[in-house]
Amino acid sequence: MTAFVNCPTVDIEDDRTGLSVETLRRALADNLFYIQGKWPEVASTNDFYLALAYTVRDRMMPRWLSSTRTLMKPEVRVVTYLSAEFLLGPHLGRNLINLGIEEPVKQAVAESGLDFTELIAQEEEPGLGNGGLGRLAACYMESLASEQIPAIGYGIRYEFGIFDQEIRDGWQCEITDKWLQYGNPWEIPHPEASVTVGFGGHTEGYTDSDGRFRKRWIPGKQVKGIPYDTPIPGYRVNTVNTLRLWKAEAVESFDFQSFNVGNYYGAVDSKVTSENISKVLYPNDEQLEGKQLRLEQQYFFTACALQDMIRIHLASGRKLDSFCEKFTAQMNDTHPAVAVAELMRLLVDEHGMGWDEAWAVTQKTLAYTNHTLLPEALEKWSLSLFGSLLPRHLEIIFEINQRFMDDMRVRYMNDPGKLAALSLIDDNDGGYVRMANLASLGSYAINGVAALHSELVKKTILKDFHELFPGKIRNVTNGVTPRRWIALANPRLAALYTEKIGDGWLHNLEEIGQLEGYADDPGFRAHWRQIKRDIKQELATYIYQRTGIAVSPDSMFDILVKRIHEYKRQHLDVLHIITLYERLKANPNLDMAPRTFIFGGKAAPGYAMAKLMIKFITAVGDVINHDPTIGDRLKVVFLPDYNVKFGQRVYPAADLSEQISTAGKEASGTGNMKFSMNGALTIGTLDGANVEIRELVGDDNFFLFGLTTDGVDALKASGYNPWDYYTSNPQLKEVIDLVQSGFFAKGDSNLFRPLTDKLLYDDPFMLMADYQSYIDCQDRIGAAYQDQEHWSRLSIINAVRMGKFSSDRAIRDYCRDIWQVSPAPVEMMAYDQSQAGLRV
Ligand code: 26Q
């Protein structure tokens, strides 16, 4: 078992680490009995799943603890990833692959009379994220471990993650995600490592024993942060990094003072308030104005993380002036940007460091990743809310800003426009703290997430910072982990790759490029098609079970899965569907490639237009799917509750990947990479990472349509009028008219009026302008699909050119261009059982 060569504890068939089928079988039985406390006869599937999970977790332990010891060594540099979201997906399958123990475990499960697939399916995924940003954090944690980079992920252990979605009468309903209700075997709480975080109160000045004037913060309330650690094993290496998520609890279970005066309920109330902080994940695209709890969450996990890092650093015997040598902390968007003020406060107020030195340390520790250009998504907090919750931090931010503005006044000769743009404070409407400006100033590096996006960051939202600090804004194009998105999601494709070129591609995805020659091999193409056909059949079965809609695996699977948002333009896809429908109605004998349109994604609960878009998709589907003249030629499916687990089923089944955002709006996209890696061709705009995907697969292999970012800007500048497109394009007019007639709404011509009105009279995302180009492109795709040999060729070339989009490459880019950190292979430290229980 190559995976464990360095691990002294596993040469023997220890019951907790042994890997023979017999030992694994016994361990499974023991865990069921001793941990679940169940006889097999009465155990549920979940009990067996938990027993299996503990069996696997035990086998990670020696490496996990050795990795933690490695990270504590004073000379080892550590990356910390600060993120409000980690959208992990199920652990079990990934852990088996990365530890290299899938085969014996499968066998042990079978010999125990259990169904492996059923146990895998039992795992409730931790949905601790909204979408791309959270999933990126999860891919990066996995690649950091696989690249043997010592790293800690810091975030929040939400009790309720992203809501579960149900579709009732075509509308989205939100159900609380109770992911912890049947237990979480992957986490280990460490109450002994708890920290305390303050909120509210006031600040006061004092003179310290050296006669220096100092400030201190007297918080109005305190909350305890308890770390829950989850192991993240790298692929076939000893490194097992830690994801440390914080749960909020009251400092004391009861406020005894209130209790003693007879206010029992009041006392419990304050406990409840503290625990609210880690209760629920906020959906994005919600109006944030005045959401105090969200700011509390951000400060909570950031403060916990920084205290933890300082503890680790001091424990290794070093001083805080070298903190930035030990750690680099990556801020995943501005959600942890209060770290700039908190690190200053810890260094200056708590540890007595001088301001200038503390600022230098802070600026050398933090780095910031931007994920959006949408102006409405840029975080800002009103001074009144910020000041009441974090009074000392607001003072620190004012101080940072004052010094910064003083410098800028010298540089820009009082150019008020420049100063206003750079300032950390927005002076409108009572004043706001601008989190992107705070993060940009307090960091040593800023990066965008795709080449185009990084250029746009420099040209738009951070233009003035770019001019001031040339070279500070870099690009690191996103990536996704091939272990989850190929090996786990698409085992048939993985087996084909390994059969042809060995399994090195799992470490180094660029190796799949060697397969390109097979695109010309008819036998290989047939095999490729067969794999896709089998997976489509499986998805068809699943669709039927979930929705009762029968779809044909011989139709083209045309898939759009991602959060529902106007800029992502799911409704443009629907306009195409209606166009095809009208064509078929007008000409029932039309020769066209049959298509199954599959949608998935959640809408923010407060985003009415996004929810209407879901209803629009389902309503159009209801009509078309039940129209007997259409048959298998068009089917429209909205699959409820799109999540990571479900993503693993759909990416491998796609023929066509829809990446159709308005140019300049999608920072990168990562679904585009997952589809392409699994052999789907892309229809897309020149947006986000689509640009780089197209560069690699070549113009002939990518179905491009729509305006470019420059085209969008120019059209807007020239006075964009969507109505003109409606009146001048008969096909488009017919489509919109049909929607407006109430045809898809049982005659209710008002239901979709907000949607069509917005397109006709405002259309900020320019669907009307891109419609014809989209339809023409889809027609080319339909024709290309009719020639299956040709399509397979394109599909193969497309997939094997995706090497660049491994998150391993992205992590190596971060290590080299930003973090200045190198791999630190973990040396296994012996766990001597004969000494266990002895204090040494
Ligand atoms: C902010 C404040 C308050 C409440 C919620 C939020 C919030 C939460 C999540 C704001 C934004 C998000 C998520 C953003 C996101 O997922 N962005 C995506 O990031 C991906 C990874 O870089 C990119 O590929 C996508 O293009 C980008 O949309």
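So, how was this worked out
- Residues numbered from 1 in each chain as written.
- Predicted model: local features only at pLDDT ≥ 70, side-chain atom pairs only at ≥ 80, totals over all residues.
- Heavy atoms only, no water.
- Helix = DSSP H or I, 4+ residues; strand = E, 2+ residues; numbered from the N terminus.
- Buried < 20%, exposed > 50% of the residue type's maximum accessible area, 1.4 Å probe, protein only.
- Areas by Shrake-Rupley, 256 points an atom, 1.4 Å probe, with all protein chains shown as cover.
- Lys, Arg positive; Asp, Glu negative; His and termini not counted.
- Charge placed at Lys NZ, Arg CZ, Asp CG, Glu CD.
- Near = heavy atom within 4 Å.
- Polar contact = N/O pair within 3.5 Å; in protein donor to acceptor, adjacent residues only side chain to side chain.
- Nonpolar A, V, L, I, M, F, W, Y, C, P; charged D, E, K, R; others polar.
- Domains from an automatic or database assignment.
- Phe/Tyr/Trp six-rings, centres within 6.5 Å; stacked < 30°, edge-to-face > 60°.
- pLDDT = per-residue confidence, 0-100.
- Contact = heavy atoms within 4.5 Å.
- Buried area = accessible area lost by both parts, 1.4 Å probe.
- Salt bridge = Lys/Arg side-chain N within 4 Å of Asp/Glu carboxyl O.
- Axes fitted to C-alpha atoms, helices over the stretch in contact; angles between N-to-C directions.
- Parallel < 35°, antiparallel > 145°, perpendicular 65-115°, else oblique.
- Left-handed = near helix turned anticlockwise from the far one by under 90°.
- Expected span 1.5 Å × (residues − 1).

Draft legend 1. Here's a closer look at the overall build of the protein chain. Of the regular secondary structure elements, the protein chain holds 33 helices and 25 strands. Its C-alpha atoms give the protein chain principal-axis dimensions of about 90 × 75 × 60 Å. Sorting the 840 residues of the protein chain into buried and exposed places 61% on the buried side. Summing over all exposed atoms, the protein chain offers an accessible surface of approximately 31,600 Å²; the carbon and sulfur share of this is 51%. Computing the positive centroid from 87 side-chain charges and the negative centroid from 110, the protein chain places the two 2 Å apart.

Draft legend 2. Spotlight on the site of the ligand. Near the ligand, the surroundings consist of 20 residues, among which L133, H371, N478, E666 and G669 are the closest. At 2.6 Å from an oxygen atom of the ligand is found a side-chain nitrogen or oxygen belonging to H371. Separating an oxygen atom of the ligand from a side-chain N or O atom of E666 is a distance of 2.6 Å. Coverage of the ligand by the protein chains reaches 89% of its 610 Å² of free accessible surface. By residue number, the principal contributor to the shell around the ligand is helix 6 (residues 132–146), which donates 3 residues. Taken together, the residues of the shell around the ligand sort by class into 7 nonpolar, 9 polar and 4 charged. For the shell around the ligand, the two domains that each supply at least three residues are domain 2 (74–90 + 125–478 + 817–821) and domain 3 (482–805).

Draft legend 3. Spotlight on the packing of aromatic side chains. Counted under the stated rule, the structure contains 28 aromatic pairs. An angle of 55° between the planes, with centres 5.1 Å apart, marks the rings of F616 and F752 as tilted. Here F616, found in helix 23 (residues 608–625), pairs with F752, found in the loop between helix 29 (730–740) and helix 30 (753–761); they are 136 residues apart in sequence, far enough to count as distant. Here the two residues F616 and F752 agree in accessibility, since each one is buried. For the pair Y642 and F646, a centre-to-centre distance of 5.5 Å together with 75° between the ring planes defines the contact as edge-to-face.

Draft legend 4. Structural view of the confidence of the model for the protein chain. Across the protein chain, pLDDT averages 95, with 96% of residues at or above 70. The weakest mean pLDDT in the protein chain belongs to helix 7 (residues 256–260) at 60; the strongest belongs to strand 1 (residues 78–82) at 99. pLDDT under 50 marks residues 1–10. Its contacts with residues more than four places away, or in other chains, come to 22 contacts.

Draft legend 5. Structural context of the domain arrangement of the protein chain. The domains assigned to the protein chain are domain 1 (1–73 + 91–124), domain 2 (74–90 + 125–478 + 817–821) and domain 3 (482–805). Of note, the centres of domain 2 and domain 3, computed from C-alpha atoms alone, are 35 Å apart. Counting residues at the interface gives 41 residues for domain 2 and 45 residues for domain 3. Roughly 3,500 Å² is buried in total at the junction of domain 2 and domain 3, and carbon and sulfur atoms are behind 56% of that figure. The largest contributions to the domain 2 side of the interface with domain 3 come from Q165, W171 and Y235, which together make up 18% of the buried area. At the surface where domain 2 touches domain 3, the tally comes to 3 salt bridges.

Draft legend 6. Broad picture of the side chain of R525. In this fold, R525 is placed in helix 21 (residues 522–547). The residues contacting R525, other than those within four sequence positions of it, are Y518, A519, D520, E789, S792, R793 and I796.

Draft legend 7. Structural detail: the packing of helix 29 against helix 30. Contact geometry for helix 29 and helix 30: axes closest at 9 Å, N-to-C directions at 150°. Judged by the angle between their axes, helix 29 and helix 30 are roughly antiparallel. For the crossing formed where helix 29 meets helix 30, the hand is left-handed. Facing helix 29, whose interface residues are I736, V739 and Q740, helix 30 presents R753, T756, D757, L759 and L760. Of the residues belonging to the contact of helix 29 with helix 30, the class tally is 4 nonpolar, 2 polar and 2 charged.

Draft legend 8. Seen up close, helix 33 (residues 807–819). Given a rise of 1.5 Å per residue, 13 residues ought to cover 18 Å, yet the end C-alpha atoms of helix 33 are separated by just 16 Å, more than 12% below that figure. The buried count for helix 33 comes to 10 of 13 residues, which makes it a mostly enclosed element. Of all the residues in helix 33, the buried ones are S807, D808, R809, A810, I811, D813, Y814, C815, I818 and W819. The backbone nitrogen of D808 lies 3.0 Å from a side-chain oxygen of the residue at the head of helix 33, namely S806. Just downstream of helix 33 lies Q820, where phi reads positive at about 55°.

Draft legend 9. Expanded view of the side chain of H371. With respect to the helices and strands, the residue H371 is situated in the loop between strand 14 (366–369) and strand 15 (380–382). Overall, the relative accessible area of 14% leaves H371 in the buried class. A distance of 2.6 Å separates the side chain of H371 from the side chain of N332, its partner in a polar contact. Residues within four places of H371 in sequence aside, it is in contact with L133, L136, N332, D333, V449, H453 and A667.

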